[in-house]
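# Observations on the three-dimensional arrangement
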Amino acid sequence: MGGVMDDDQRYLAVRSKDARFDGMFYLGVTSTGIYCRPSCPAVTPKRENTRFFPSAAAAQRTGFRACKRCRPDASPGSPEWNVRADAVGRAMRLIADGAVDRDGVAGLAAQVGYSERQLNRMLVAELGAGPLALARAQRARTARVLIETTGLSLSDAAFAAGFSSIRQFNDTVREVFDRSPSQLRRLSAGGAQRPGADSSAGDSTHAGTVTLRLPLRPPIDLDHLFGFLAARAIPGVEEVSGGVYRRVLTLPHGSGVVHISRGDSDDHVWCRLCLDLLKDLGTAVQRCRRLLDLDTDPRAVAEVLGADGSPLAGLVAARPGLRAPAGADSTEMAVRAVVGQQISVSAARTVAGRLVERFGTPLATPQQGLTHTFPGPEALAGVSPQDLPMPAGRAEALIALSQALDSGDIDLCPGTDRDEAAARLRGLSGIGPWTSDYIRMRALGDPDVFLTTDLGVRRSLERLGRPGDPRAAEREAQAWRPWRSYATHHLWASALTSPAPPAARGAADEPNHDEDGHDDRRRENDPGRTADGGGPTGTRARRSGGVRRARRRNPAV
């Protein structure tokens, strides 16, 4: 990563036009006053004419303007902020999600747990810019998208991008891009904007519709990624058809629908957003990036998981660019994790679809099969267990989780302390290590989670000739840090193409052993039970001196 490189190493990356480092650092050219991405196709400047910056905001703060040729503002984000769990990493995830625009610097600092002064000092020390400058750079990127890809008036584009005044909007665009907003619009007219990634998305000229490219670091296994999402697509909220992934988004100021399809080349995907309010554009884009894991560096992941002697080397070679998708909405993903306890993936889809139909909010304008937003914790916190289409123990766990999320006792925002969130989750009745780790991986986007008790993971390890018991698996996975979530996904993916070992075939009394199939024989994963055998069936288990298996539920519930 860029953070462990010195300037001489960065210059070598610039000379080689290595696109892997785009977004990890930025190059300022003192002889021209512009800043570029490392892979800029222009002639490489002399070493003595270069400066390096950890963020676009730092380059802008020093007076450099964005290169018109390589457009560094369109680089993928740095994967460093997904890995880091310290205050700076948490703050960067929150800024990307629009926290400064919504809550100001004071709100950002409160969420991270530091004073405004302390937070500003830490960000300037590491990124060369404070939270206001970082948020300003993000607003500038959003403004450029709105100027170049929509028919909004420039004044409407200014406020939708998060600027508080037209003057601030004009000054920022001119300073960052060396062109006025009207010049950017004239230059973009008749340009490379794609007419539509998906004709079902509606009229691309509608005021709330934006089509844009989401840049990424290739390679990307988009077929597997869309297949993973399709297998879990909740009726009414998301669907995959015709090579396009569609889903409803719940955003700070309203709702939206996103349509994502394959790009014209392997360095981007197409994204069409239909939003109630365009002021949610920046947040919507960032959540789509998290959903598809577009900021990761797949080569860095492959170097660790596919190293010589690694049992995953063959899996990594077979699926280059496999991603670890997070959730578009963290509270939704937490609810889905509880719903999916001890049942198959398809059964979990059915149950989640029934929750959406009963408790979700209907869209003002449904789009094909997309009809509702997913019910928020406030909608589920006050329901009765009898109102939920699941066993009583799981229903009680779901209600307790929703109440904790609604009250703020558990915070699953992008910048939350992941260790603290996991500990609070495990403090709830019915949520054990598998569920809390799954939420940490998918809802919080932690790239370093290994589900040691997951049945699919354990069986895949056994197929590779490795012991599948949780303790041995945990020891093996230490070599895969900080990318253990990707190891989990590779093992899940291998289960789709490999037959089960002989000892596992015909095990009708065991849970579905495809992806996400955790072992329901372990009490700590069983809703309504405690580790010492408590709960409605604990007494009989203690008397017999053994572990009682959970009865298989009807997949139709």
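Report on the accompanying structure. All values derive from a computational prediction rather than experimental measurement. (Residues numbered from 1 in each chain as written. Predicted model: local features only at pLDDT ≥ 70, side-chain atom pairs only at ≥ 80, totals over all residues. Heavy atoms only, no water.)

This part covers the overall build of the protein chain. Looking only at helices and strands, the protein chain features 24 helices and 11 strands. Here the protein chain holds 557 residues, and 57% of them are scored as buried. Once local pairs closer than 6 in sequence are excluded, the contacts in the protein chain between residues at least 24 apart make up 68%. A total accessible area of about 22700 Å² is found for the protein chain, and carbon and sulfur atoms account for 48% of it. (Helix = DSSP H or I, 4+ residues; strand = E, 2+ residues; numbered from the N terminus. Buried < 20%, exposed > 50% of the residue type's maximum accessible area, 1.4 Å probe, protein only. Contact = heavy atoms within 4.5 Å. Areas by Shrake-Rupley, 256 points an atom, 1.4 Å probe, with all protein chains shown as cover.)

Here we come to the sheet that holds strand 4 (residues 65-66). What the 4 strands build is an open sheet, ordered 3-1-2-4; its pairing is mixed. Either end of the sheet is taken by a strand with one partner, and the two such strands are strand 3 (50-53) and strand 4. Two strands pair when backbone bridges link them, and strand 1 (residues 26-29) and strand 2 (residues 34-36) are joined in this way by 3 bridges, in the antiparallel orientation. Pairing of Val29 across the sheet is with Ile34, part of strand 2. Relative to the sheet, helix 1 (residues 7-15) contacts strand 1 and strand 3, its axis offset from that of strand 3 by approximately 105°. (Pairing = 2+ DSSP bridges. Axes fitted to C-alpha atoms, helices over the stretch in contact; angles between N-to-C directions.)

So, on to the packing of aromatic side chains. Taken as a whole and assessed by the stated rule, the structure comprises 11 aromatic pairs. Ring plane angle 70° and centroid distance 5.9 Å describe the contact between Phe25 and Phe52, whose orientation is recorded as edge-to-face. Here Phe52 lies in strand 3 and Phe25 lies in the loop between helix 1 and strand 1, a separation of 27 residues in the sequence. Following the ring pairs from residue to residue traces out a cluster consisting of Phe228, Trp434, Tyr438 and Trp492. The side chain of Arg144 reaches across the aromatic face of Phe177, ending 4.6 Å from its centre. In this structure, Arg232 packs its charged tip against the face of Phe228, placed 3.8 Å from the ring centre. (Phe/Tyr/Trp six-rings, centres within 6.5 Å; stacked < 30°, edge-to-face > 60°. Lys NZ or Arg CZ within 6 Å of the ring centre and 35° of its normal.)

Turning our attention to the pattern of salt bridges. Summed over all chains, the structure comprises 36 salt bridges. The salt bridge involving Glu303 is made with Arg20; its shortest N-O contact spans 3.9 Å. In this pair, Glu303 is assigned in helix 13 (residues 298-305) and Arg20 in the loop between helix 1 and strand 1, connecting sequence segments 283 residues apart. On the basis of relative accessibility, which here comes to 54%, the residue Glu303 falls in the exposed class. What makes Arg20 partly exposed here is its relative accessible area of 25%. For Glu476, the salt bridge identified is with Arg466, shortest N-O distance 3.1 Å. With Glu476 in helix 22 (residues 470-477) and Arg466 in the loop between helix 21 (455-463) and helix 22, this pair connects stretches of sequence that are 10 residues apart. (Salt bridge = Lys/Arg side-chain N within 4 Å of Asp/Glu carboxyl O.)

Moving on: the environment of Asp295. Within the element layout of this structure, Asp295 appears in the loop between helix 12 (281-292) and helix 13. Judged by relative accessible area, which is 9%, Asp295 ranks as buried. Note: C-alpha distance between Asp295 and Pro215 (80 residues apart in sequence) is 8.5 Å. Non-local contacts of Asp295, meaning those with residues more than four positions away in its chain, are made with Pro76, Gly77, Ser78, Pro79, Asn82, Arg217, Gln286 and Arg289. A polar side-chain atom of Asp295 sits 2.6 Å from a polar atom in the side chain of Arg289. (Polar contact = N/O pair within 3.5 Å; in protein donor to acceptor, adjacent residues only side chain to side chain.)

With that out of the way, let us pick up unusual backbone geometry. Leaving glycine out, the prevailing phi sign among residues is negative, and the prevailing peptide bond configuration is trans. That bond from Pro218 to Pro219 is cis: its omega, 5°, falls within 30 degrees of zero. Within the secondary structure layout, Pro219 lies in the loop between strand 5 (209-215) and helix 11 (222-231). In this chain, Arg481 is followed by Pro482 through a cis amide linkage whose omega measures 0°. Considering the arrangement of structural elements, one finds Pro482 in the loop between helix 22 and helix 23 (484-497). Residues other than glycine seldom take positive phi values, yet Arg71 does so here, at roughly 45°. Here Arg71 is to be found in the loop between strand 4 and helix 3 (80-83).

The next point concerns helix 13. Looking only at helix 13, the buried set comprises Pro298, Val301 and Leu305. For helix 13, the angular spread of buried residues about the axis comes to 60°, placing them on one side. Among the structural elements, helix 14 (313-318) and helix 23 are those in contact with the buried residues of helix 13. (Arc of directions from axis to C-beta.)

Take the environment of Arg394 next. Relative to the assigned elements, Arg394 resides in helix 18 (residues 392-407). Along the chain, Arg394 and Gln342 lie 52 residues apart, while their C-alpha atoms are 9.7 Å from each other.

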